[in-house]
Amino acid sequence: MNIQKEVRAEGEKRVSPEDLALINMQSKKELKAGEVYTFTVRLCDNEIDREWERFPRETLEELAKLFVGKSGIFDHNWSAAGQSARIYKAEVVEEPGTVTRAGDPVCYLKGWAYMLRNEANANLIEEIEGGIKKEVSVGCSVEREVCSVCGEALGKCHHVKGRTYNGKLCWGELKGAGDAYEWSFVAVPAQPRAGVMKGLAPGLKELARERPGLRGELEALEKEAALGRRYLEELRSQVVKLAAAEASGLEMEVIRSIAGKLEEKELTALKGFFSREGEGRRGTVQLSYGSRREETGEGDGAFLV
């Protein structure tokens with residue numbers, strides 16, 4: 001089963017000796033740091049996408065190994081003339097404090113890509129830096145697509161992706177990564193968050209390696225961040241339980257999805273509202289996370305699967 005999913009790309013990062021060594025494993029001649037331009041891409045994630053499909057984490061882990069060495073092209077046009085960049089490193093990265101519509105922590109496949117600094121690539125580099133070339137799509141194959149409702153292979157059961165059955169949303173779990181073909185710059189991605197990521201160089205951990213005196217501060221920050229994430233998840237869980245009891249007309253998947261998009265201030269307000277602590281002020285609750293139009297299956301024919 002061949003799959004093409006779209007995402008987003010990120011600006012240049014400083015080339016470390018470790019990265020340069022990995023890049024040179026892909027090149028025929030030994031390249032120097034000044035000869036290459038590097039950037040990172042969010043290739044695909046484990047969220048349910050516009051086609052009512054998703055890659056579970058185990059599939060992303062399998063794809064991480066397969067995408068190393070794969071070319072970046074344009075619009076899935078399999079032509080050697082379109083080869084512009086190549087993935088030299090890939091790994092699955094967690095997104096703390098956020099959950100998918102399926103109810104598990106958000107994670108995504110992050111790829112590190114390089115291209116040559118030359119006249120032919122100058123315009124493309126400028127467009128990546130300027131945010132023009134941003135969205136990307138992956139071309140890969142998986143062994144099977146499993147129904148989230150019954151666990152059977154989709155097509156062999158009566159469930160339809162995008163529909164809800166007894167309160168449970170139906171989507172396709174893409175399992176068993178077969179191969180990774182390429183990744184492409186595209187105009188409209190199936191996965192809304194895929195693409196070039198914003199450059200943040202150097203990272204905190206890299207700075208800590210270069211300046212050992214910062215290591216203690218980084219460890220303290222990581223502990224505090226972990227405590228904050230646990231508190232936020234517990235607060236979300238409380239809001240989901242209270243909302244389920246007070247708003248019985250809403251499906252649990254919808255409640256979890258809404259709670260997963262909210263931050264501490266909004267969650268605390270909702271907890272007070274549903275706990276009746278705000279009695280007398282119980283008007284319309286305004287959520288400031290910003291409304292996002294619910295995606296439907298309409299127009300799915302524009303995406304290749």
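What you are looking at is a predicted structure, and each value in this text was computed from that prediction instead of being measured.

(A) The packing of aromatic side chains, seen in detail. Tallied over the entire structure, the rule returns three aromatic pairs. Residues F39 and W183 carry aromatic rings whose centres are separated by 6.2 Å and whose planes lie at 65° to one another, so their mutual orientation is edge-to-face. In this pair, F39 is assigned in strand β2 (residues 36-45) and W183 in strand β10 (residues 172-185), connecting sequence segments 144 residues apart. Each of the two residues, F39 as well as W183, counts as buried. An aromatic cluster of three or more residues is present, and its members are Y37, F39 and W183. The cationic tip of R42 hangs over the ring face of Y108; the distance from NZ or CZ to the ring centre is 4.2 Å. Above the face of the W112 ring, K89 is positioned so that its terminal group lies 4.4 Å from the ring centre.

(B) Representation of helix α1 (residues 17-26) in the model. If you check which residues of α1 are buried, you get D19, L20, I23 and N24. Angular distribution of buried residues about the axis of α1 spans 140°; they occupy a single face of the element. Every exposed residue of α1 that faces more than 90 degrees away from the buried side is listed here: E18 and M25. For α1, the elements touching its buried residues are β2, β5 (85-99) and β6 (105-116).

(C) Region of the structure containing helix α3 (residues 122-129). Those residues of α3 that fall on the buried side of the exposure criterion are L124, I125 and I128. The buried residues of α3 occupy an angular sector of 100° when the element is viewed end-on, so they sit on one face. Those residues of α3 that are exposed and aimed more than 90 degrees away from the buried face are N123 and E126.

(D) Representation of unusual backbone geometry in the model. Of note, W52 is a non-glycine position whose phi angle comes to about 60°, a positive value. Structurally, W52 is set in the loop between β2 and β3 (53-54). Unusually for a residue other than glycine, N166 sits at a positive phi of about 50°. With respect to the helices and strands, the residue N166 is situated in the loop between β8 (164-165) and β9 (168-169).

(E) Looking closely at the pattern of salt bridges. Under the definition given, this model contains 12 salt bridges. A salt bridge links E35 to K29; the shortest N-O distance between them is 3.5 Å. Looking at E35, the relative accessible area reads 28%, which means it is partly exposed. On the accessibility criterion, K29 (51% relative accessible area) is exposed. The salt bridge involving R54 is made with D104; its shortest N-O contact spans 3.0 Å. Of this pair, R54 sits in strand β3 while D104 sits in the loop between β5 and β6; the two residues are 50 residues apart in sequence, bridging distant segments of the chain.

Definitions and limits used
- Residues numbered from 1 in each chain as written.
- Predicted model: local features only at pLDDT ≥ 70, side-chain atom pairs only at ≥ 80, totals over all residues.
- Heavy atoms only, no water.
- Phe/Tyr/Trp six-rings, centres within 6.5 Å; stacked < 30°, edge-to-face > 60°.
- Helix = DSSP H or I, 4+ residues; strand = E, 2+ residues; numbered from the N terminus.
- Buried < 20%, exposed > 50% of the residue type's maximum accessible area, 1.4 Å probe, protein only.
- Lys NZ or Arg CZ within 6 Å of the ring centre and 35° of its normal.
- Arc of directions from axis to C-beta.
- Contact = heavy atoms within 4.5 Å.
- Salt bridge = Lys/Arg side-chain N within 4 Å of Asp/Glu carboxyl O.

Interpretation in functional terms is not warranted from these geometric data alone.
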